[in-house]
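Topology and contacts: notes
Listed below are the residues making up each chain.
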Amino acid sequence: MNILIIGGGGREHTLAWKLKQSPKLNKLFVAPGNAGTDAIASNVPINVNDFEAIKSLVQKEGIDMVIVGPEDPLVNGIHDFFLQEASLKHISVIGPRKMAATLEGSKEYAKKFMMRHKIPTASYKSFTSDNFKEGLLFLESLKPPYVLKADGLAAGKGVLILHDLEEAKNELRDMLISAKFGAASSVVVIEEFLSGIELSCFVLTDGENYKILPMAKDYKRIGEGDTGLNTGGMGAISPVPFVSQEFLEKVHKRIIKPTIKGLHSDDLPYKGFIFIGLIKVGEDPFVIEYNVRLGDPETEVVIPRIKNDLVELFNAVANGKLNSIELEIDERTATTVMLVSGGYPQAYKKGIEIRGIDQVDESIVFHAGTQLKDQKILTNGGRVIAITSFGRDFREGLRKSYQNIDKIHFDNMYYRKDLGFDL
Ligand code: AMP
Ligand code: GLY
């Protein structure tokens, strides 16, 4: 099969690395890709939202399957685009259609979905500029901290957690009246604050059948001890030590089953990954959010633990035959540590040479924000490289990742040295 992966981060390099292991793969393309995917596939410089250019590439190269990494093209309807074009209809697209992608594209839509299907989540109310004053009164009725969420996609910055009532009111004003996040904050969801520990649950579904992938935990904050600004993710581990069989069963029964059933009864055909952001409150799971794709850097620890042939798995998704597959999972723990550009998640420099990648042994180097130029590997983003290792437990995995990081260098490189501190 000829396969195209859409995206260019660590998640897409990991998918490419895994697909390359399949004897069923013929040619592999990544759009736009990075220096990591360049070494194992053909990178094509196409923007992930340029559907016409993707169509031309698919036709020219005889691509049979398209795997969509990031949420943007899904929310913009790439799957529907393929279904609407006679010449593209037969091509398998892994990733949901626009309507189901709204589960990530609109927090209010996701909340309504969860309420309708009795899926445990924080209680909420949503507001627009029309009932802004009611929003202020609602805030007054709540206890701090206050959770304010821009309804639409805001590049991961649309969630504010505030401890002060006046500050919360001002932020609500900024979001609704001053369009702080543009159209994304024309609706704001205000919800109950849940206190607990977060984890990421991934489900692969063909719309009828589903497989629960290994659970993972990512580290979102830039600073050690989970302090400072939120990032896309500074590292991850899988499995998650605090997930017992009993907890997993609760997640399955209370969240995964009603989610799949809900997609069905709401007439939302879904072929792809569902990423359920969970929080464990006491012994009970609640949904923080749905994403309609794999997480990054969770992918860098979840996908390497899957022993199955990924082409076979995706074919089963495309053909509605996921029930014919038995998932085989590596029992070991996988850990990943993200190397980032100094300054990230705020301003940072790009184009800095990275050295020492070839010295790494016993770990896997997944490129995130990198670029190949004149035979040199340069930084090309905030999150630059993820170093994934296997171990008997997360301590052993992390030890290997950290040992290998010592061999890699680029100016102003930063990473968290305390992953696993909370476990
Ligand atoms: P989201 O973009 O929805 O993933 O939210 C970003 C982060 O905000 C989450 O990863 C949580 O750490 C936090 N968060 C979101 N909603 C809540 C909530 N209801 N209670 C506590 N923390 C939350
Ligand atoms: N690591 C969180 C995400 O991919 O959204």
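Summary of the structure given here. (Residues numbered from 1 in each chain as written. Chains lettered and ligands numbered in written order. Predicted model: local features only at pLDDT ≥ 70, side-chain atom pairs only at ≥ 80, totals over all residues. Heavy atoms only, no water.)

Quick look at the pairing of strand E19 (residues 364–367)
Every second residue of E19 is oriented toward a common face, with Ile-364 and Phe-366 on one face and Val-365 and His-367 on the other, all of them buried. Pairing geometry for E19 and strand E22 (residues 383–391), over four bridges, is antiparallel. When the bridges of E22 are listed, Phe-366 appears paired with Ala-386. (Buried < 20%, exposed > 50% of the residue type's maximum accessible area, 1.4 Å probe, protein only. Helix = DSSP H or I, 4+ residues; strand = E, 2+ residues; numbered from the N terminus. Pairing = 2+ DSSP bridges.)

Focus: the site of ligand 2
With respect to spatial proximity, the complete set of residues near ligand 2 consists of Asp-218, Gly-232, Phe-275, Arg-293, Gly-295, Asp-296, Pro-297 and Glu-298. A distance of 2.9 Å separates an oxygen atom of ligand 2 from a polar atom in the backbone of Asp-296. Summarising the interface, the protein chains cover 85% of the accessible area of ligand 2, which totals 200 Å² for the free molecule. In terms of residue class, the shell around ligand 2 is made up of two nonpolar, two polar and four charged. (Near = heavy atom within 4 Å. Polar contact = N/O pair within 3.5 Å; in protein donor to acceptor, adjacent residues only side chain to side chain. Areas by Shrake-Rupley, 256 points an atom, 1.4 Å probe, with all protein chains shown as cover. Nonpolar A, V, L, I, M, F, W, Y, C, P; charged D, E, K, R; others polar.)

Topic: the site of ligand 1
The environment of ligand 1 is formed by 14 residues, the closest being Glu-191, Glu-192, Leu-194, Glu-198 and Glu-289. Between ligand 1 and Glu-191 there is a distance of 2.7 Å, counted from a nitrogen atom to a side-chain nitrogen or oxygen. Relative to its free-state accessible area of 480 Å², ligand 1 is covered by the protein chains to the extent of 88%. At the level of secondary structure, the elements contributing two or more residues to the shell around ligand 1 comprise strand E7 (146–150), strand E8 (159–162) and strand E17 (284–291).

Some details on helix H1 (residues 10–19)
Of all the ten residues making up H1, nine are buried; the element is thus mostly covered by neighbouring parts of the structure. Taken together, the buried positions of H1 are Gly-10, Arg-11, Glu-12, His-13, Thr-14, Leu-15, Ala-16, Lys-18 and Leu-19.

Some thoughts on the pattern of salt bridges
One pass over the structure, following the stated rule, counts 28 salt bridges. Asp-330 is the partner of Arg-332 in a salt bridge, and the nearest nitrogen-oxygen pair spans 2.8 Å. Lys-407 is the salt-bridge partner of Asp-361, the closest N and O atoms lying 2.7 Å from each other. Placement of Asp-361 in the loop between strand E18 (333–341) and E19 and of Lys-407 in the loop between helix H13 (394–405) and strand E23 (413–414) is noted, with a sequence separation of 46 residues between them. A relative accessible area of 33% places Lys-407 in the partly exposed class. Overlapping salt bridges, with partners in common, bring together Lys-27, Lys-60 and Glu-61 in one network. (Salt bridge = Lys/Arg side-chain N within 4 Å of Asp/Glu carboxyl O.)

Let's talk about the sheet that holds strand E3 (residues 42–43)
If you walk across this open sheet you meet the five strands as E3-E2-E1-E4-E5, and the pairing is parallel. Each end of this open sheet is capped by a strand with a single partner; those strands are E3 and strand E5 (92–94). Here strand E4 (residues 65–68) pairs with E5 via three bridges, running parallel. Opposite Met-65, over in E5, you have Ser-92 as the bridge partner. Its contacts with the sheet put helix H3 (residues 51–61) on strand E1 (3–7), strand E2 (28–32) and E4, and the angle it makes with E1 is roughly 160°. Seen against the sheet, helix H12 (residues 310–318) touches E1, E4 and E5 and runs at an angle of roughly 105° to E5. (Contact = heavy atoms within 4.5 Å. Axes fitted to C-alpha atoms, helices over the stretch in contact; angles between N-to-C directions.)

A look at the layout of surface pockets
Here the second largest pocket is characterised by a volume of approximately 430 Å³. What lines the second largest pocket is a set of 16 residues, and nearest its centre among them are Leu-213, Pro-214, Met-215, Gln-245 and Leu-248. Considering every element that reaches the lining of the second largest pocket, the biggest residue donor is helix H10 (residues 245–265), with four residues. Residues of the lining of the second largest pocket, tallied by class, amount to ten nonpolar, three polar and three charged. (1 Å grid on protein atoms, 1.4 Å probe; cavity = no way out; pocket = protein on both sides within 12 Å on 5 of 7 lines; lining within 4 Å. Points joined across faces, edges and corners; volume = space filled by probe spheres on them.)

Concerning the packing of helix H6 (residues 98–105) against helix H7 (residues 107–116)
The N-to-C vectors of H6 and H7 enclose an angle of 100°; their axes lie 6 Å apart at closest approach. When the axis of H6 is compared with that of H7, the two are roughly perpendicular. Note on element contacts: H7 touches H6 through Lys-107, Tyr-109, Ala-110 and Phe-113, opposite Met-99, Thr-102, Leu-103 and Gly-105. Its residues assigned to classes, the contact of H6 with H7 comprises five nonpolar, two polar and one charged. (Parallel < 35°, antiparallel > 145°, perpendicular 65-115°, else oblique.)

What about the side chain of Asp-296?
Among the structural elements, Asp-296 can be located in the loop between E17 and helix H11 (299–302). Within the buried core, Asp-296 has no salt-bridge partner, and the shortest N-O distance to an opposite charge, that of Arg-383, equals 4.2 Å. From its side chain, Asp-296 meets the backbone nitrogen of Gly-10 in a polar contact 3.4 Å long. Once residues lying within four places of it in the same chain are set aside, the contact partners of Asp-296 are Gly-9, Gly-10, Arg-11, Gly-232, Met-338 and Arg-383. (Lys, Arg positive; Asp, Glu negative; His and termini not counted.)

Overview of a nonpolar patch on the surface
Together, Val-159, Ile-161 and Phe-193 line one region of the surface with nonpolar side chains, adding up to about 240 Å² of accessible area. By the secondary structure assignment, Phe-193 is in the loop between strand E9 (188–191) and strand E10 (197–205). Phe-193 gets classed as partly exposed once you look at its relative accessible area, which sits at 36%. (Patch = residues over 30% accessible without salt bridge, like charges linked within 9 Å, V, L, I, M, F, W, Y side chains within 5 Å.)

Focus on the packing of helix H8 (residues 132–141) against helix H9 (residues 165–176)
Put simply, H8 and H9 touch, their axes get as near as 10 Å, and they point 155° apart. It follows from the interaxial angle that H8 and H9 lie roughly antiparallel. When you trace H8 past H9, the crossing you get is right-handed. Listed contacts from H9 to Phe-132, Gly-135, Leu-136, Leu-139 and Glu-140 of H8 are Leu-165, Ala-168, Lys-169, Leu-172, Arg-173 and Leu-176. (Left-handed = near helix turned anticlockwise from the far one by under 90°.)

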